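# Summary of the model geometry
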Amino acid sequence: MAGAEAILKINNIEVKYHEVILVLKGVSIEVPRGGIVALLGANGAGKSTTLKAVSGLLKHEDGEVTDGSIEFMGERIDRLGPEKIAKKGIVQVIEGRRVFEHLTVEQNLKVGAHLRGGKSVKEGLEMVYNYFPRLREKRNETAGFVSGGEQQMTVVGRALMTNPKLVLLDEPSMGLAPLLIHEIFNIITRLNREENISILLVEQNAKLALNVAPHAYVMENGRIVMDDTAEKLRENPDIKDFYLGLTDVGGRKSFRDVKHYKRRKRWLT
Ligand SMILES: Nc1ncnc2c1ncn2[C@@H]1O[C@H](COP(=O)(O)OP(=O)(O)O)[C@@H](O)[C@H]1O
Ligand SMILES: [Mg+2]
């Protein structure tokens, strides 16, 4: 990652919930300006916590960055509240595609416009409907009743309405059919290229993530255990074993178990 100018720098952060539960134990991640970076890891690794530390949403869950720092476009943001962070151009799409169920799709989108602005609401809607033609069709339907894929598009669209520089995307593929996942990931790639939006993408689906992100970090148990280009990670035997499921080491072990297993194997040979 050296060389590329970073829009986001997470510098060795430690995060605690309720002042006592230590969840992130020194995490460093860089997102280059205009880039897509993936953060991979099993359930409970601390991926969502990392995104919430950046967006400031951590504060709503009694979580705190207790060490290290976070810089956005050269400015420290880890002491700011979520509204101030949003105003700077960072938006988080939280996992589980939470729409406002009783509002229409279009009303959901308009909520995003109030968070930041820059573009007019009309311009924002046009842009979102241009990327997500399905949302234009469904704009007057109640968000709680459209399909899961359309809800996911709605929350991504709502994030776009804030006119962001950096989108923190938490498991956009979760629970969606492969065809829809493909459609959504295509649009994410286009948003990155055409709107120059930088993206930090959290995914459990490593295969998908490594297809769109040229660089990825692997997190386990509150620590980054590896980071490399997508190309190298795809070829890495541990990643193949654990995240890509290409070989049968046996069961879904932790990344570390796989490494230990490999080491043991080397001892034996
Ligand atoms: N609000 C919270 N209070 C206490 N512990 C939490 C809270 N949110 C998450 N955790 C804990 O932090 C760890 C990491 O969670 P999370 O960041 O959601 O992981 P991931 O997104 O990788 O699945 C888990 O052990 C989880 O139980
Ligand atoms: Mg999560």
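Residues numbered from 1 in each chain as written. Chains lettered and ligands numbered in written order. Predicted model: local features only at pLDDT ≥ 70, side-chain atom pairs only at ≥ 80, totals over all residues.

For the protein chain, the helix and strand inventory stands at 11 helices and 10 strands. Burial statistics for the protein chain: of 269 residues in total, 41% are counted as buried. Put simply, 69% of the contacts in the protein chain that link residues at least 6 apart link residues at least 24 apart. (Helix = DSSP H or I, 4+ residues; strand = E, 2+ residues; numbered from the N terminus. Buried ≥ 20, exposed ≤ 12 C-beta atoms within 10 Å, placed from the backbone. Contact = placed C-beta atoms within 7 Å.)

A word on helix H6 (residues 148-160). An ideal rise of 1.5 Å per residue puts 18 Å on 13 residues; H6 measures up with 18 Å between its terminal C-alpha atoms. Among the 13 residues that make up H6, 11 are buried, leaving the element largely enclosed by the rest of the structure. In this structure, the buried residues of H6 make contact with strand E6 (90-93), helix H3 (105-115), helix H4 (121-131), helix H5 (133-137), strand E7 (166-170) and helix H7 (178-194). (Expected span 1.5 Å × (residues − 1).)

Moving on to the packing of H3 against H6. One can describe the packing of H3 onto H6 by two numbers: an axis separation of 7 Å at closest approach and a directional angle of 35 degrees. Note on packing geometry: the crossing formed by H3 with H6 is right-handed. Touching Val105, Asn108, Leu109, Val111 and Gly112 of H3 are Thr154, Gly157, Arg158 and Ala159, all from H6. Among the residues making up the contact of H3 with H6, the classes are represented as 4 nonpolar, 4 polar and 1 charged. (Axes fitted to C-alpha atoms, helices over the stretch in contact; angles between N-to-C directions. Left-handed = near helix turned anticlockwise from the far one by under 90°. Nonpolar A, V, L, I, M, F, W, Y, C, P; charged D, E, K, R; others polar.)

Time to look at the site of ligand 1. Near ligand 1 lie 13 residues; those nearest to it are Tyr17, Lys47, Ser48, Thr49 and Glu61. Only strand E2 (21-32) and helix H1 (47-55) provide two or more residues apiece to the shell around ligand 1. Counting residues per element, the shell around ligand 1 draws most heavily on H1, which supplies 3 residues. Along the lines of polarity and charge, the residues of the shell around ligand 1 split into 4 nonpolar, 7 polar and 2 charged. (Near = placed C-beta within 6 Å.)

It is worth spelling out the pairing of E7 at this point. The buried fraction of E7 amounts to 5 of the 5 residues, a majority that puts the element mostly inside the structure. The two faces of E7 match: Leu166, Leu168 and Asp170 on one face and Val167 and Leu169 on the other face are all buried. Handedness of the β-α-β unit built from E7, H7 and strand E8 (residues 198-203) comes out right-handed. (Right-handed = clockwise from strand over helix to strand, strands pointing away.)

A few words now on the pairing of E2. The pairing of strand E1 (residues 6-17) with E2 spans 9 bridges and is classified as antiparallel. If you follow Val15 over to E2, its bridge partner there is Leu24. The antiparallel pairing of E1 with E2 creates a hairpin that spans 3 residues between the two strands, and His18 there sits at a positive phi of about 50 degrees. (Pairing = 2+ DSSP bridges.)

A few words now on the sheet that holds E2. Across the sheet, 4 strands lie side by side as E2-E1-E4-E5; this open sheet has antiparallel pairing. Two strands close off the open sheet at either side, each with one partner strand: E2 and strand E5 (75-76). As paired elements, E1 and strand E4 (residues 63-72) share 8 bridges and run antiparallel to each other. Of the residues in E4, the one forming a bridge with Leu8 is Phe72.

Counting 70 residues, the largest nonpolar core has Leu200, Leu201 and Ala216 as the members making the most contacts within it. Not counting residues up to four positions away in its chain, the partners in contact with Leu201 are Ile36, Ala38, Leu39, Leu169, Ala209 and Ala213. (Core = buried A, V, L, I, M, F, W, Y, C linked by C-beta atoms within 7 Å.)

Count 3.6 residues to each turn of an α-helix, and residues three or four apart come out pointing the same way. Residues of H3 that are buried: Val105, Glu106, Asn108, Leu109, Gly112 and Ala113. Down the axis of H3, the buried set is contained in an arc of 160 degrees. They therefore lie on one face. (Arc of directions from axis to C-beta.)

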